[in-house]
Protein chains: 2
Amino acid sequence: MIKADMKRKMDIARKKVLDAIELHGGTTLLSTGITGDDARMAKAAIDAGAKLLEPNHPAVVLARGYKGVTSMHKAEQIRHEIPISEMAKVTSGVRQIAGPNIYITVGIPGGFTEVMPTILKDEDFLLMSESGADGLHVHKTSMEDLKEVVEKAHYYGLLVDAYIGHPSDLHSFGIPAETPEDVARVAVEMEEIGVDLIGLMTGMSYEGVAAGEIPEIIRERLKALVGSVRVPTLAEGGINVHNQNAFRNTGVNILVVGTAIDDMAGNAVKEAVSSFIKQ
Amino acid sequence: MIKADMKRKMDIARKKVLDAIELHGGTTLLSTGITGDDARMAKAAIDAGAKLLEPNHPAVVLARGYKGVTSMHKAEQIRHEIPISEMAKVTSGVRQIAGPNIYITVGIPGGFTEVMPTILKDEDFLLMSESGADGLHVHKTSMEDLKEVVEKAHYYGLLVDAYIGHPSDLHSFGIPAETPEDVARVAVEMEEIGVDLIGLMTGMSYEGVAAGEIPEIIRERLKALVGSVRVPTLAEGGINVHNQNAFRNTGVNILVVGTAIDDMAGNAVKEAVSSFIKQ
């Protein structure tokens, strides 16, 4: 009895994404990290023009000081322990300050391939939908698991952004695809099972890359993705102010940025605190 | 059966404050706002040298987007609705990333004079003590209420920082004292009932003051406070990088800074987000 309601909800959500891409000249920002889960910083991001926000469970591990973890690397190992009710509360809070026109996609325990198997129940999808999420930010690593998530998400009116990774990635955040041809093939298959936004993990989060540059292979993989599907495309991992234009030039629609923004906020805090202390 | 335990806990806490004041040449920082409740930004503050942190319930209203409120002015009207369990969770998370040597004082619903009468029970003090708080950041506005809080806080091993305000303050955050002589008299009385750190509310949070300056009357009130008690002293309200030295020159031991730090973090986020968006 809710199929039309949910279709309507998803149509509105899709329009928010497309409008943001158009407004920002073909490439917009999905602002995450502290701007995804702290309402003060989400507001700052929106005030500066961000239209797409992403709260996620590993970032909430860091926000809450959960188990004393202070690195994203370690947060990924325990992110599944954050209760989904906490993610719903975070989403609801960000939605309240964001208003209805901001697109919010949420990373939830079980939406990624977790260290501990974490099952998403129907009521979890409903909870996220009711909490104000437009979509789920999904990092499943098999097509079969992803298909199940997409079906449930759509049933409860949530879009899905999902990702393609590389078989050799240190942390697995997507369906593995080895060559650019594999990327194109996997992307088409993801589109066929109904994924609403398809992204490429750069694998650059844990590598050092020259400022302003992206490796040729990442450029090729991104172009393969962009050229193979009609849905909006994303790039995630190691995107910063110095290399963003290299990403933009591939034609990708959405840059997912968290760490680079967190680092700038953290540095501002350090500068502020230092100025109030005479050592 | 816990009197010696609690005395020991308070002695350690007191030493943390005194050591920080000495380390920072007589005036240290109590870092609050986003650095009090977001573990990522608390870590940044500590990395930059902060030794004293203050999570508080109105800041958590803003952090959680509670009821869509985005201004501190409005947050003060609903801060009492934040459950004390939430403040305990925040404190525990910040403690976990801060380690044992950072002084943490916490603003909790009922620790201020609230819009709705909010009673603190024995178990609330115990909860905060167990969550890792060294002290309570108290904004009671009558000596009688403050005395009750101090007694309970001490019984459960928590120090108390409490404040002196002005009868004409828009928001009441302290025991009212009209003249500098009144400030000195009230401060002595606060010390007598056992307040461990005594602060002056500048009333400047909601006023515009010339950069680098503080009004002569605030200077006189602060000097009256500093000259009248032996416990560490604080100044709170409208302290920023431009006027901090004027505060420092009064001999006050601790500058309580929240909004100025939040603003710098928010501006850094705005700058970061703007740089990822081509309008």
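None of the values given here were measured: they were computed from a predicted structure. (Residues numbered from 1 in each chain as written. Chains lettered and ligands numbered in written order. Predicted model: local features only at pLDDT ≥ 70, side-chain atom pairs only at ≥ 80, totals over all residues. Heavy atoms only, no water.)

Trainee: Outline the overall build of chain A, listing residues and values.
Mentor: Along its length, chain A carries 12 helices and nine strands. Rg of the C-alpha trace for chain A: 18 Å, near the compact-globule value of 19 Å for 279 residues, within the 12% margin. Along the longest, intermediate and shortest principal axes, the C-alpha atoms of chain A span 60 × 45 × 40 Å. Counting every position in chain A, which comprises 279 residues, the buried fraction comes to 59%. Restricting to contacts in chain A with at least 6 residues of sequence separation, those with at least 24 account for 69%. Total accessible area on chain A stands at roughly 11,000 Å², and carbon and sulfur atoms take up 53% of it. (Helix = DSSP H or I, 4+ residues; strand = E, 2+ residues; numbered from the N terminus. Rg over C-alpha atoms; globule rule 2.2 N^0.38 Å. Buried < 20%, exposed > 50% of the residue type's maximum accessible area, 1.4 Å probe, protein only. Contact = heavy atoms within 4.5 Å. Areas by Shrake-Rupley, 256 points an atom, 1.4 Å probe, with all protein chains shown as cover.)

Trainee: Residues and numbers for the interface of chain A and chain B, please.
Mentor: At the interface, 59 residues of chain A touch 59 residues of chain B. Interface area for chain A against chain B, summed over the two sides, is near 4,800 Å², with a carbon-plus-sulfur share of 66%. Area buried by chain A at its contact with chain B is led by A:Arg40, A:Phe276 and A:Lys278, which between them contribute 17% of it. Applying the counting criterion to the chain A and chain B interface returns four salt bridges. (Buried area = accessible area lost by both parts, 1.4 Å probe. Salt bridge = Lys/Arg side-chain N within 4 Å of Asp/Glu carboxyl O.)

Trainee: Could you give me a rundown of helix H10 (residues 216–228) of chain B, with the residues and numbers involved?
Mentor: Quick reminder: α-helices carry 3.6 residues per turn. Residues three or four places apart thus point the same way. With 13 residues, H10(B) should cover 18 Å at 1.5 Å per step; its first-to-last C-alpha distance of 18 Å lies within 8% of that length. Buried-residue contacts for H10(B) involve strand S5 (159–165), helix H9 (180–192), strand S7 (197–201), strand S8 (233–236) and helix H11 (244–248) of chain B. (Expected span 1.5 Å × (residues − 1).)

Trainee: Would you mind going over the packing of aromatic side chains in detail, with residue names and values included?
Mentor: The relative placement of two aromatic rings is captured by the distance of their centres and the angle of their planes. All names here are of chain A. For the structure on display, the rule yields four aromatic pairs over all chains. Measuring from centroid to centroid gives 6.1 Å for Phe112 and Phe173, while their planes differ by 85 degrees, and the two rings are edge-to-face. With a gap of 61 residues between them, Phe112 in the loop between strand S3 (103–106) and helix H7 (122–130) and Phe173 in the loop between strand S5 (159–165) and strand S6 (175–176) connect regions that are remote in the sequence. Take Phe112 and Phe173: they sit in the same class, and that class is buried. Ring centres of Tyr155 and Tyr156 lie 4.9 Å apart, and the angle between their planes is 80 degrees; on these two criteria the pair is classed as edge-to-face. (Phe/Tyr/Trp six-rings, centres within 6.5 Å; stacked < 30°, edge-to-face > 60°.)

Trainee: Outline the packing of H9(B) against H10(B), supporting the account with residue identities and numerical values.
Mentor: All names here are of chain B. Two elements in contact, H9 and H10, have axes separated by 8 Å at closest approach and are oriented at 35 degrees. H10 is crossed by H9, and the crossing has right-handed handedness. For the pair H9 and H10, the contacting residues are Pro180, Val183, Ala184, Ala187, Val188 and Glu191 in the first and Ile217, Glu220, Arg221, Ala224, Leu225 and Ser228 in the second. Here the contact of H9 with H10 is built from residues that sort into eight nonpolar, one polar and three charged. (Axes fitted to C-alpha atoms, helices over the stretch in contact; angles between N-to-C directions. Left-handed = near helix turned anticlockwise from the far one by under 90°. Nonpolar A, V, L, I, M, F, W, Y, C, P; charged D, E, K, R; others polar.)

Trainee: Give me the lowdown on the nonpolar core, citing residues and values where you can.
Mentor: Among the nonpolar cores identified, the biggest contains 155 residues, and A:Leu146, A:Ile164, A:Met190, B:Leu146, B:Ile164 and B:Met190 are the most heavily contacted of them. Setting aside anything within four residues of it in sequence, one finds A:Ile164 in contact with A:Gly174, A:Ile175, A:Ala177, A:Val183, A:Val186, A:Ala187, A:Met190, A:Ile198, A:Gly199, A:Leu200, A:Met201 and A:Leu225. (Core = buried A, V, L, I, M, F, W, Y, C linked by side-chain atoms within 4.5 Å.)

Trainee: Outline the relation of the copies chain A and chain B, listing residues and values.
Mentor: Between the two copies, chain A and chain B, the superposition gives an RMSD of 0.0 Å; the rotation angle is 180 degrees and the shift along the axis is 0.0 Å. Within this description, the copies of the chain are treated as partners about a two-fold rotation axis. Scanning chain A for the C-alpha nearest the rotation axis identifies A:Ala265, at a separation of 2.4 Å. Both copies present the same face, since 100% of the interface residues in chain A are matched by interface residues at the equivalent positions in chain B. (Least-squares fit on C-alpha atoms with pLDDT ≥ 70 in both.)

Trainee: Mind laying out the pattern of salt bridges, listing which residues take part and the relevant values?
Mentor: Residues and elements named next belong to chain A. Counted according to the given criterion, the structure contains 38 salt bridges over all chains. In this structure, the salt-bridge partner of Glu86 is Arg64, at a minimum N-O distance of 2.8 Å. With Glu86 in helix H6 (residues 84–98) and Arg64 in the loop between helix H4 (57–63) and helix H5 (72–78), the pair connects residues that are 22 residues apart, well separated along the chain. Judged by its relative accessible area of 17%, Arg64 falls in the buried class.

Trainee: I'd like to hear about the environment of B:Asp263, residue by residue, with values.
Mentor: Examined against the element boundaries, B:Asp263 turns out to sit in helix H12 (residues 259–275). Once the C-alpha coordinates of B:Asp263 and B:Gly33 are considered, the two residues, 230 residues apart in sequence, prove to be 9.6 Å apart.

Trainee: Account for unusual backbone geometry, with residues named and values stated.
Mentor: We note that A:Lys67 has phi near 55 degrees; this positive angle belongs to a residue other than glycine. With respect to the element layout, A:Lys67 can be found in the loop between H4 and H5.

Trainee: Mind laying out the pairing of strand S1 (residues 28–31) of chain B, listing which residues take part and the relevant values?
Mentor: All names here are of chain B. Of the two faces of S1, the one lined by Thr28 and Leu30 and the one lined by Leu29 and Ser31 are each fully buried. Note: S1 against strand S9 (residues 254–257), four bridges, orientation parallel. Considered in S9, the bridge of Ser31 is made with Val257. Sheet topology places S1 next to strand S2 (residues 52–53); two bridges connect them, and they run parallel. Bridge pairing links Leu30 to Leu52 in S2. (Pairing = 2+ DSSP bridges.)

Trainee: Quick one: what's the story with the confidence of the model for chain A, residue by residue and with numbers?
Mentor: Confidence along chain A averages 95 in pLDDT terms, with 97% of residues attaining 70 or more. As scored by the predictor, the complex reaches a pTM of 0.96 and an ipTM of 0.95. (pLDDT = per-residue confidence, 0-100.)

Trainee: Tell me about the pairing of S5(A), and please be specific about residues and values.
Mentor: Residues and elements named next belong to chain A. Taking burial as the measure, the seven residues of S5 include seven buried ones, the bulk of the element. With burial as the criterion, each face of S5 is covered, one bearing Leu159, Asp161, Tyr163 and Gly165 and the other bearing Val160, Ala162 and Ile164. Taken together, strand S4 (residues 135–137), helix H8 (residues 143–155) and S5 form a β-α-β motif whose crossover is right-handed. The pairing of S5 with strand S7 (residues 197–201) spans four bridges and is parallel. Paired with Ala162 across the strands is Ile198, a residue of S7. (Right-handed = clockwise from strand over helix to strand, strands pointing away.)

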